[in-house]
Amino acid sequence: PPPPPVNTDFCGHIDALEVLRTCGTDEDVTTRRTARTTIETEIRRATRTIGVPALIAKTQPATSALINIPTIYYTHARTHTRDVTLLGNIIRIEATPLHYTWHHGDNTTQTTRTPGRPHPHKDITHTYTQPAANARIRVDTTYRIRYRLPDGTWHTLPDTLTITGPATTITIHEARPYLTMKRP
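Just so it is clear, the model here is predicted, and its values are computed rather than measured.

About the criteria used
- Chains are numbered independently. Their residues run from 1 in the order of the written sequence.
- For this predicted model, a pLDDT threshold of at least 70 governs which residues receive local features, and a threshold of 80 or more governs which side-chain atom pairs are given and counted, while totals over whole chains, interfaces and linings are taken from all residues.
- Just so you know, side-chain values use all the structure's heavy atoms and leave hydrogens and water out.
- Strand pairing follows a simple DSSP-based rule, namely that at least 2 bridges must link the two strands.
- Going along the chain from the N terminus, every DSSP run of H or I of four or more residues is numbered as a helix, and every run of E of two or more is numbered as a strand.
- Put simply, two rings from Phe, Tyr or Trp (the six-membered ring, in Trp's case) pair if the centres are within 6.5 Å, and we call them stacked under 30 degrees between planes, edge-to-face over 60, tilted for the rest.
- A 1.4 Å probe rolled over the protein chains alone gives each residue an accessible area, and that area as a share of the maximum for its type sets the label: buried under 20%, exposed over 50%, partly exposed in between.
- A ring is considered to have a charge above it if a Lys NZ or an Arg CZ atom is located within 6 Å of its centre and within 35 degrees of its normal.
- By definition in these notes, contact holds between two residues if any of their heavy atoms fall within 4.5 Å.
- Side-chain atoms within 4.5 Å are what join buried Ala, Val, Leu, Ile, Met, Phe, Trp, Tyr and Cys residues into a set we call a nonpolar core.

*Asks:* Before we move on, can you summarise the pairing of strand S6 (residues 109–112) with the specific residues and values?
*Replies:* The sheet contact formed by strand S5 (residues 89–103) and S6 spans 4 bridges and is antiparallel. Pairing of Trp102 across the sheet is with Gln110, part of S6. The antiparallel pairing of S5 with S6 creates a hairpin that spans 5 residues between the two strands, and Gly105 there sits at a positive phi of about 85°.

*Asks:* Give me the packing of aromatic side chains: which residues, what numbers.
*Replies:* The geometry of two aromatic rings is summed up by the distance between their centres and the angle between their planes. Considering all chains together, one arrives at 2 aromatic pairs under this definition. Taking the centre distance of 5.7 Å and the plane angle of 70° together, the rings of Tyr73 and Trp102 count as edge-to-face. Remark: Trp102 occurs in strand S5 and Tyr73 occurs in strand S3 (residues 71–74); sequence separation between them is 29 residues. One exposure class covers both Tyr73 and Trp102, and it is buried. Three or more aromatic residues link up through ring pairs in this structure, and these residues are Tyr73, Tyr100 and Trp102. For Arg146, the ring lying beneath its charged end belongs to Trp154, and the centroid distance is 4.1 Å.

*Asks:* Describe the side chain of Glu40, naming the residues involved and giving the relevant values.
*Replies:* Mapping Glu40 onto the fold places it in helix H2 (residues 29–49). When sequence neighbours within four positions are dropped, the list of residues in contact with Glu40 reads Tyr147, Leu157 and Pro158.

*Asks:* Residues and numbers for the nonpolar core, please.
*Replies:* Buried together is how nonpolar side chains tend to be arranged in soluble globular proteins. Ranked by size, the top nonpolar core spans 31 residues in total, and within it Ile43, Tyr128 and Ile145 carry the most contacts. Of all the secondary structure elements, the ones that give two or more residues to this core are H2, strand S4 (80–86), S5, strand S8 (132–148), strand S9 (154–164) and strand S10 (168–173). Considering every element that reaches this core, the biggest residue donor is S8, with 6 residues.

Laid out in structure tokens, this is it:
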């Protein structure tokens, strides 16, 4: 028997979301790709305007470090969710931290999948080898972007979004040992 007819009433429709929902699998592939590209372009544009947070790099000790002793790095990360109206529909956008690139202020970087934790945890550390008066540190966060269409289906953008964190300054000190003699 012949396949059932595909509902193509909306396949030339201006609403890209409607095209995506209603055009059958036998529909013109170009039309569906155009609809997906339109949606993803609008999602990317909206993501840049909804305020995906730039995270602040924190260290322990907080404002200074010693050479040759590991300094703990961490940040406070969370998933950022926002509802926006796109193409006449309410779309939920979700930005989830995927990885973190730590800039230590001494021309080194480190990429991790976790945001680290404060002391006593030592998930992320960096050991400085030279003193520095004003080491500018930061964390750049790369987010995975997902969006939910009005029909409840979730989709993930194929590319990620990296937000550069603000720089903060720490001082790297060198501790010098001194021999002392206990007097009788």
